Amino acid sequence: MNQERLSFQDITLRVATEQDFEPLYQLMTEDEAWTKLNGPYFGYQRPTREQFSEGYFSKLMLGNEALVIEYHQRVVGTVSCYWEDQKTRWLEVGVLVYDSRLWGCGIGMKALIPWVSYLFNTLDIERVGLTTWSGNPRMMKCALKLGMTQEARLRKVRYYQGHYYDSVKYGVLREEWRELEKLWRQRDHIYLFDWGDTLMVDDPSQSGKMCDWQKIQQVEGAKALLSGLAKYCPIYVATNAKDSAEEDVKRAFERAQLAEYLSGYFCFSNLGVGKDDEDFYPRIAFKLNTDTSQLVMTGDQLERDILPARRAGLRTNWLNVSSISHNENGFVRLEDILYREQSRMSLVDLD
């Protein structure tokens, strides 16, 4: 593989560089929870730096059989492939997210989407397989959600810590992936949402940081919107608030019971610019390793949220609750935005 990057939503796959060695080695050896799920019945011995450098890391630097997963500008795992039988063109893939704090965020599945596409595009194969065991239910769920078919289940062939487990095999054919890839590409974008009066009520009677307010309130329909979209695409808050740092914004959303649907927060404190700066959205795109055309911005202020986002190349949804007269109407309810976005992802049909 050359230096081309593969991406889907907010993850990137790339060839490893020498600068990745130390952080990756520390991550995989300091947080070894992954070893309890990655075929632990084979046994695990922590590699020395020299062993890792000459072994798996060398493959990551070549990029033919493995790539690193980058998330939020940080290496968090790897994808790989190997021949079960090269003569018969039987290829298998694997994925590892070493940072256990990120488990359940869908990173593994998002990493496999561009990886499987890349393998079909560059190799003369008709099937990509994935083998796991019943002691790793997250990987089983990942394979099915990816669109693979469970092709075999060998019962009680993995013995580990006094219990028998099944070996489970999944696979997807080239013609099946061709259709699946179309659906995944319809979901290859990242949602940005304004904060005040878009997701949470900006109460002028209260002062100071919202996270410290006596009472905070969701905008009507916010929870349904975020929960509906978060199943398919990552969601970030993009706010112009200058008195609240990233942790303050997060704490406000935690109090509002909306934080579970959000992948992160962008504000003046971590971008260095506000929405009045034309570099606001490009900086977000840079931090997410994506292009502004992959971002979708929703906000309630046409002049501050919507028009600057469009000038930066973003697709937008204007929440126009007051039905302000303009050459476009926008959306009166968040529910309408949810319905529109679901239709774009082929989740619902529009009349």
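Rules of the game
Residues numbered from 1 in each chain as written. Predicted model: local features only at pLDDT ≥ 70, side-chain atom pairs only at ≥ 80, totals over all residues. Heavy atoms only, no water. Helix = DSSP H or I, 4+ residues; strand = E, 2+ residues; numbered from the N terminus. Rg over C-alpha atoms; globule rule 2.2 N^0.38 Å. Buried < 20%, exposed > 50% of the residue type's maximum accessible area, 1.4 Å probe, protein only. Contact = heavy atoms within 4.5 Å. Core = buried A, V, L, I, M, F, W, Y, C linked by side-chain atoms within 4.5 Å. Pairing = 2+ DSSP bridges.

A word on the overall build of the chain
Counting its regular elements, the chain contains twelve helices and 13 strands. Taken against the 2.2 N^0.38 rule, which gives 20 Å for 351 residues, the C-alpha radius of gyration of the chain at 22 Å falls within 12% of a compact globule. Across the 351 residues in the chain, those meeting the buried criterion constitute 49%. In the chain, of all internal contacts separated by at least 6 residues, the share reaching a separation of at least 24 is 61%.

Structural notes on helix H1 (residues 21-30)
All of the buried residues in H1 are Phe21, Leu24, Tyr25, Leu27, Met28 and Thr29. Against the buried residues of H1 lie helix H2 (49-54), helix H3 (56-62), strand S3 (66-71) and strand S4 (74-85).

A closer look at the environment of Asp202
Following the sequence through the fold, Asp202 ends up in the loop between strand S9 (190-193) and helix H7 (222-230). In this structure the C-alpha to C-alpha distance between Asp202 and Thr239, which are 37 residues apart in sequence, comes to 12 Å. With residues near it in sequence (within four places) discarded, Asp202 still touches Gly196, Asp197, Met210 and Trp213.

Thoughts on the nonpolar core
Proteins that are soluble and globular tend to have nonpolar side chains buried together. Residues Trp115 and Ile284 are the most contacted members of the largest nonpolar core, which totals 57 residues. In this view, Ile284 contacts Leu192, Ala238, Phe266, Leu271 and Leu295; residues no more than four positions away in its chain are not counted. Residues Phe193, Cys233, Ala241 and Leu319 belong to the second largest nonpolar core, which totals 34 residues.

Looking at the pairing of S4
For S3 and S4, the ladder comprises six bridges, and the chain directions are antiparallel. Bridged to Ala66 within S4 is Ser80. Summarising the sheet, S4 and strand S5 (residues 90-97) pair through eight bridges and their orientation is antiparallel. Looking across to S5, one finds that Asp85 is bridged to Trp90. The turn joining S4 and S5, which pair antiparallel and follow one another in sequence, is formed by four residues; a positive phi near 60° is taken by Arg89.

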